[in-house]
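# Descriptive structure summary
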Amino acid sequence: MNSAHLRTHLAEVDWSTLEHAYGDAGDVPGWIGRLTDTETVEESLHELWAAVLHQGTLYDSTTPAMESIASLLGARGSADAESTAWLLLMFADAVHGYEQVEVDDAATATIVRSARESLPRIASLVRPLISDDGSEAAAAALLQAAARTSDSTALDTLSTRASARPAGQVEQACVAALTTLGVDVSAVVADADPGLSMAVTLTRIATGSTDTADLDALVAGWELAVEVAPNIAFGVANLPEWLSEANPTASAHVLAALPTPDETTIAGLVDVVIGSRGNAPAAIRRLLALATLPGADPETMIAALRQCPATPEVRDSLVALAENVTAGATSAVGSSTFDTDARADAGVALLRAGDNRWARPMAQALLTNPAGRSLMVSTSASGRSALGYALVREHAPSATMLVAGIRQALRREPPADPSRDGAGHLVELLGSWPAESAAAALPEVRELVTVAPTQVTAALAAWDDTAGIDRVREASVAGDASVLLALARLTRDPDDFRRFLDTDLRYRESEVLAHWPDRTDPRFLAWCRSLVGAEPATADHQREDQITALRILGDADPGEAEAGWVVLRGIIDAGRGPIEYAVELALRWRAEQLLPPEMRADVEALLTDLVVTDRKDYNGPIAKAGAVAAVALLDIGLTLPGAPARIVKVVTRAVTDRHARNHGLRLAERLTAAPEEVRVAVAKALRPLLDRDERFDCSGDIAVEDDRARARLRPIVVALETA
């Protein structure tokens, strides 16, 4: 295909029968056509990336779109050749990503196969660019390697350009592509051009080499490698990050050997820790050594070590580093800035590790940092939240010094931007502790009733602070439902509860269900029925409220169970959200015989179907659904349905899914009493998860969570193998 054929090709494809991320792909030809105009090329590239390659997803429109784009680019018709070439490299990267995972869906498998088969055609279409200069020419060379083509024309074109002198970006990309394709380039680099030699070294390492000569050459030529790496590989933001992903073993050796590591090198060592179980010890040793250097930046090292498994050495280092922090800082994400304090981050890491020393650095941050009431703390490698909110989620226990620190923080001047004020979250933390533990903070909490009325009144109600009723009553005039509920909890006046029920309770339903005192109140029960409705709610949190309401109704009147079964069944059948709570309630009703025989039988049939048939959402099969159902069947004494292979899939899918892991581990544990055929099959599937170098996908601190999951999984696998 060439530019003369582009319009014909676009017309030959029935785009209206294809789809992209936003539906009908009929708009794709227009976007491709506008790539030729300098005024519209940027917008068109964005639309194409967002629609036909949305977050690396492949659609049936993706391959024909990319082939058309390649034709346009190869004919030098794009008004932004560099960005257009990058879009094609992103496509190739997405295809290779799909090839690394199991694709169960037949339609998706067809799309992936078509995309893979298109890469040689795309490589051929852009090949003429290799004779040009600039990033698009280098990208065209890399696309030859991405296509994994052994086409003699491609190899000749790459070799010819690689031999050109003086060598630059494009020549480096060409020798990298040839090396990736397994071609001997010794003759090309015989003149010892340093850039070409480094391109070959980096490519060999990227394709798995841990040869000592290559690693030593990379350490010795690190500064040159930083310049060369973006020319020879797609998406190199910085060399340590790319190296850690491409070859963790090489990365651990090289990054640990660099004499004067900077922040990007330290981040690369962290990437090794969270990406490779086997290479983590060497990277951790280097990080611990760096933390003891006289010039070590405590903030940088705390941020690094909190991502490491919480060994005694790591915890001791966090404590020591926190003692060297004397002030807070600010960080930025985009146009937003927020207040930070490395002592608080160290405290969260120690708390998660169960180390009792966590409260001291946390209290020091709150006591001495002028921005103490607005601090944000790290909750993952890339996520932050308000300090009080994070500690509530971590179920932080009370401590006298921490109460003193929170009191000091609450007395500070609020930030100029009210949205940055974390006082309400700190009050919520205080309210999560027993009244006697937080009693000293009562004066500060009461004074904040106008600043954070929801959290303050909830805390006063939790502490049964009847002396604060007048303040809460004053705050209730605004009509906030949460404040009215706090007032009712304090006064215990039925009229106050009913007044609260007359307010707008959207997004407050959980509070009503948790704190309504009289579970036999007819008006409350009528409200519960309205909350349940006739079908499952749309949002998961609403479904959880429906389940709680159904439980309350069933407790008040056994006849409500039969009436509510249709909603509860729908929640279970969907397989998503709070399915574990829905199944728990169904089993309870079944055991108490609150359901008629046909509905009790339906419970068993539904659970069986969940095990043998996948439930799906936009991400694919819902791992939690099958595992929850399987455990439930075992709980009621039934045999798991399906062949051993199906049970293996249910278990492994759940264990490897961060949202379903606890259910998968529980199921695996229960299967130690299963028939030998099942035990052997499950053990065989789970053993590689323990032995592999790749860590489990996790939601917070990856290495920490992975170590915990593996510690829990290991005895289960041993039991399966030896039972």
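Refer to the preceding data block for the structure.
Residues numbered from 1 in each chain as written. Predicted model: local features only at pLDDT ≥ 70, side-chain atom pairs only at ≥ 80, totals over all residues. Heavy atoms only, no water.

### Digging into the overall build of the protein
On a plain count of helices and strands, the protein comes out with 40 helices and eight strands. Its C-alpha atoms put the protein at 90 × 65 × 65 Å along the principal axes. On the protein, the mean spot of the 65 positive side-chain charges and the mean spot of the 102 negative ones are 6 Å from each other. (Helix = DSSP H or I, 4+ residues; strand = E, 2+ residues; numbered from the N terminus. Lys, Arg positive; Asp, Glu negative; His and termini not counted. Charge placed at Lys NZ, Arg CZ, Asp CG, Glu CD.)

### Describing the environment of L158
Along the chain, the position of L158 falls in helix α8 (residues 152–162). On the basis of relative accessibility, which here comes to 0%, the residue L158 falls in the buried class. Residues L158 and A440, spaced 282 residues apart in sequence, show a C-alpha to C-alpha distance of 74 Å. Every residue in contact with L158, bar those within four places of it in the chain, is listed here: I130, A141, Q144, C174, A177, L178 and L181. (Buried < 20%, exposed > 50% of the residue type's maximum accessible area, 1.4 Å probe, protein only. Contact = heavy atoms within 4.5 Å.)

### Let's talk about the pattern of salt bridges
If you walk through the whole model with that rule in mind, you get 50 salt bridges. Across the salt bridge formed by R76 and D132, the nearest N and O atoms sit 2.9 Å from each other. Highlighted residues: R76 in the loop between α4 (62–74) and α5 (81–99) and D132 in the loop between α6 (106–126) and α7 (135–146), separated in sequence by 56 residues. When the shortest N-O distance is used, the salt bridge between R658 and D697 registers 3.8 Å. Of this pair, R658 sits in the loop between α37 (644–655) and α38 (661–670) while D697 sits in the loop between α39 (676–691) and α40 (702–722); the two residues are 39 residues apart in sequence, bridging distant segments of the chain. Looking at R658, the relative accessible area reads 39%, which means it is partly exposed. Classification of D697 by relative accessible area gives partly exposed; the value is 44%. Three or more residues joined by partner-sharing salt bridges are found here, namely R277, R695, D706 and D707. (Salt bridge = Lys/Arg side-chain N within 4 Å of Asp/Glu carboxyl O.)

### Thoughts on the packing of aromatic side chains
Scanning the entire structure with this criterion turns up five aromatic pairs. Ring centres 6.2 Å apart and planes at 20° place the aromatic pair F524 and W527 in the stacked group. Here F524 pairs with W527, and both are found in helix α31 (residues 522–532), just three residues apart, close to one helical turn. Like F524, the residue W527 is buried in the burial classification. It is R277 that lies over the ring of F696; its NZ or CZ is 5.2 Å from the centre. Its end group placed over the ring of Y389, R393 keeps NZ or CZ at 4.0 Å from the ring centre. (Phe/Tyr/Trp six-rings, centres within 6.5 Å; stacked < 30°, edge-to-face > 60°. Lys NZ or Arg CZ within 6 Å of the ring centre and 35° of its normal.)

### Some remarks on the pairing of strand β4 (residues 336–340)
Across five bridges, strand β3 (residues 329–333) lies against β4 in antiparallel orientation. Bridge pairing links A329 to T340 in β4. Taking the residues between adjacent antiparallel strands as the criterion, β3 and β4 are bridged by two residues, where G334 takes a positive phi near 65°. (Pairing = 2+ DSSP bridges.)

### Here we look at the packing of α6 against α7
The contact between α6 and α7 brings their axes to 9 Å, and the two run at 155°. What the angle tells us is that α6 and α7 run roughly antiparallel. The crossing of α6 and α7 is left-handed. Packed against α6, whose contacting residues are L119, A123 and V126, the element α7 presents A140, L143, Q144 and A146 at the interface. Of the residues in the contact of α6 with α7, the class split is six nonpolar, one polar and no charged. (Axes fitted to C-alpha atoms, helices over the stretch in contact; angles between N-to-C directions. Parallel < 35°, antiparallel > 145°, perpendicular 65-115°, else oblique. Left-handed = near helix turned anticlockwise from the far one by under 90°. Nonpolar A, V, L, I, M, F, W, Y, C, P; charged D, E, K, R; others polar.)

### Comments concerning the nonpolar core
Counting residues in each nonpolar core, the largest one holds 160 residues, and the members touching the most others are L202 and L287. With sequence-adjacent residues up to four places away left out, L287 is seen in contact with I266, L269, V270, V273, M301, A304, L305 and C308. If you look at the next biggest cluster of nonpolar residues, it comprises 79 residues, including C528, I579, L633 and L671. (Core = buried A, V, L, I, M, F, W, Y, C linked by side-chain atoms within 4.5 Å.)

### As for the environment of A563
Structurally, A563 is set in helix α33 (residues 559–574). Taking the C-alpha atoms as reference, A563 lies 23 Å from L610; in sequence the two are 47 residues apart.

### Looking at the packing of α33 against helix α35 (residues 597–612)
Running from N to C, α33 and α35 point in directions that differ by 5°, and their axes come no closer than 11 Å. Between α33 and α35, the angle is such that the two are roughly parallel. Touching E562, W565, R569, I572 and D573 of α33 are M599, D602, V603, L606 and L610, all from α35. Among the residues forming the contact of α33 with α35, the class breakdown is six nonpolar, no polar and four charged.

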